[in-house]
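Each chain is listed here by its residues.
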Amino acid sequence: MHVDAALREFAGDSRAQAAAQDRVLAARAEWQARPQVARVLADCRTLRNTGDFARCGALEALIHGGAAQEFVAQFIAAMLAAWRDQPLAQLPFRHSYAAGQGIVHIHRDGPVTLALVLVEPDAARAPRTIAFSDCDRREVVLAGQGAAVRYTRRDGAPPVAKEVRLAPGTVLTADADNSRAIAVLDAPLVLLRVAREPAHPRPTREVELATGRIVHRASPSPADGRAELAAALLGAIGRTDAAPSLARYACGKGGCGKAGEGARWQALRHALALDTASGFEALCAIAECDSDPLACEAATLRHKLCTTYPQLAKLRESQCLAS
């Protein structure tokens, strides 16, 4: 593999690396200290503490008042000047790029993020599913034109769709019951996003657009993630003795606090696979609890299983007689 001589020299010079990084960090600090930017960052702190966007005048002007273009232009000019001086310095912002979509978090204050979002034309397409995340997001288009679709979630029914034309200045909003998909683009789309995650967010739900069926849940809770991994491991190694515990956890009786929907559903699936009787009893209990957010899906699965396996229908009848 060929390594450029300048890069090899830089990699072996810790002082040069520190000086390059200091130049970029100084540019960021200088940009953050500008009055307009300082007001925006102060509003990020207010939004973090209050959750009230209406109290954040600088953020309001950024998204709805046409101030975003100048704000982002100043950011890019400041940072590019630093990278022209030190092109090998690392990017001091969280960033990612995959499948034609990129994001750079230019500021983060706890649950509040200010980010630049890029969507390439090839990444714009009509989706079959849409994810609803419990995160209050406001986005303003900086560059690019095309079309987006705004979706409003309805329990047990297909989401309501509304087309939105995209052009500089267009504002998109999203939360736990509203989402968007970029459908068509003539050129790369660039947006400035302000997002705030609640202290205790609801699970992310991925919904099939044609039917409204939930095809995937993802919990924001690390504890729920650990529970899902534990259930998957118990299922993979065939621990049939764990089925009753998984069934109790699925019913919300695991003794580990309030479990998320995704973790409970995974526990239910593995309980059914490990011990049909225990899992099916839990499935019926969930399906018959109208206040349980998993009740509708549990009832659908129970009907499907009883139709496919008549012996389960008989088991349900016997459970009903026993109760």
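Presented here is a report on the structure given in the accompanying data block. Not measured: the values here are computed from a predicted model. (Residues numbered from 1 in each chain as written. Predicted model: local features only at pLDDT ≥ 70, side-chain atom pairs only at ≥ 80, totals over all residues. Heavy atoms only, no water.)

What to know about the sheet that holds strand β6 (residues 146-154)
Backbone hydrogen bonds are what pair the strands of a sheet, in a parallel or an antiparallel way. To keep things clear, this is the line we draw: Should DSSP find at least two bridges between two strands, the strands are taken to pair. By definition, any uninterrupted DSSP run of H or I lasting at least four residues is a helix, any uninterrupted run of E lasting at least two residues is a strand, and each is numbered from the N terminus. Only the stretch in contact is used when a helix axis is fitted, and all axes are lines through C-alpha atoms; the angle between N-to-C directions ranges over 0 to 180 degrees.
The antiparallel open sheet is built from three strands, whose spatial order is β7-β6-β9. Strand pairing shows two members of the sheet lacking a second neighbour, β7 (157-166) and β9 (178-185), which therefore form its edges. Taking the axes of each pair of neighbouring strands and ignoring which way they run, one obtains an average angle of 25° across the sheet. Inspection of the sheet shows β6 paired to β9 by seven bridges, in the antiparallel sense. Bridging across to β9, valine 149 finds its partner in alanine 181.

Thoughts on the sheet that holds strand β11 (residues 204-208)
As summarised here, the arrangement of the three strands in space is β4-β11-β12, forming an open sheet in which the pairing is antiparallel. Looking at strand neighbours, the two that pair on one side only are β4 (129-132) and β12 (214-218), the edges of this open sheet. Each adjacent strand pair in this sheet contributes to an overall mean axis angle of 15°, direction not counted. The pairing of β4 with β11 spans four bridges and is antiparallel. The residue bridging phenylalanine 132 from the neighbouring strand is arginine 205, located in β11.

Observations concerning the packing of helix α7 (residues 243-250) against helix α8 (residues 261-274)
Our working definition: Any angle from 65 to 115 degrees is called roughly perpendicular, while one under 35 is roughly parallel, one over 145 is roughly antiparallel, and all others are oblique. Crossings are assigned a handedness: left-handed for a near helix turned anticlockwise from the far helix by less than a right angle, right-handed for a clockwise turn. Here, two residues are considered to be in contact whenever any of their heavy atoms come within 4.5 Å of each other. Each residue gets one label: Ala, Val, Leu, Ile, Met, Phe, Trp, Tyr, Cys and Pro are nonpolar, Asp, Glu, Lys and Arg are charged, and the others, such as Gly, are polar.
Contact geometry of α7 with α8 gives a least axis separation of 8 Å together with a crossing angle of 150°. With respect to α8, the axis of α7 lies roughly antiparallel. Considering how the two elements wind past one another, α7 and α8 form a crossing that is left-handed. Counting all contacts with α7, which are made through Ala243, Leu246, Ala247, Tyr249 and Ala250, the residues of α8 involved are Ala263, Arg264, Ala267, Leu268, His270, Ala271 and Leu274. Class assignment of the residues belonging to the contact of α7 with α8 gives a composition of 10 nonpolar, one polar and one charged.

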